[in-house]
Amino acid sequence: MPIPRGVSLRTILKEDLEAARKHDPAARSNLEVALGYPGVHALWAHRVSHAMWNKSEALKLPARLLSQAARAITGIEIHPGAKLGRRMFIDHGMGVVIGETAEVGEDVMIYHGTTLGGVSLNKGKRHPTVGNRVTIGAGAKVLGPITLGDDSQVGANAVVVKDVPAGVTAVGVPAKNREVPVMEPQIDPAIWI
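Let me sum up the structure you'll find in this document. (Residues numbered from 1 in each chain as written. Predicted model: local features only at pLDDT ≥ 70, side-chain atom pairs only at ≥ 80, totals over all residues. Heavy atoms only, no water.)

Let's shift gears to the packing of aromatic side chains. For the coordinates displayed, the defined rule picks out 1 aromatic pair. Taken together, a centroid distance of 6.5 Å and an interplanar angle of 35° make the contact between Y37 and F89 tilted. On the criterion of sequence distance, the pair formed by Y37 in the loop between α2 (30–36) and α3 (38–55) and F89 in strand β3 (residues 89–91) is long-range, its members being 52 residues apart. A relative accessible area of 12% places Y37 in the buried class. Here F89 falls in the buried class, since its relative accessible area comes to 1%. (Phe/Tyr/Trp six-rings, centres within 6.5 Å; stacked < 30°, edge-to-face > 60°. Helix = DSSP H or I, 4+ residues; strand = E, 2+ residues; numbered from the N terminus. Buried < 20%, exposed > 50% of the residue type's maximum accessible area, 1.4 Å probe, protein only.)

This is the structure:
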């Protein structure tokens, strides 16, 4: 899930712009996305703070301060320790929280108000692992060291505390897994509630 060695920062930033344009029909240009999309700004700040976090102990505090500055500007809180994959898109973004031990795969779409949070105060793995090509609907809470399988979906406002298998949609409070047709990523899985 971390960015592979040998992939340039320029390539990653370009992929982030393209992911936003792919997932948001309102996006008209890379310039518009680069200047006006807080989800992209939060991702870019995270990519820098994550590199700092992993480089040395001395950079952990500056990494944390950068992540908090990004939170103040974008309304999106991503801990510098979280591992985020390529081509991720956070749509609208306000209120998104991604915890320290969260791991997010590639080509993931997250809507506003989503939490990838913990349920314990242990130092170890306490946040979700999200597979590739996953869509998480607005207001969803995905809690604990659980796994969302590849191509799964989480409905809007669902509270997920158990694993979701690959290709399955989880909806409700608490979320229940449902076998529903796989939809295009830009369709909010809340329609299955």
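Relative to the 26 Å expected for 18 residues at 1.5 Å per residue, α3 spans 26 Å between its end C-alpha atoms, a close match to the ideal helical length. Of the residues making up α3, those classed as buried are G39, V40, A42, L43, A45, H46, R47, S49, H50, M52 and W53. (Expected span 1.5 Å × (residues − 1).)

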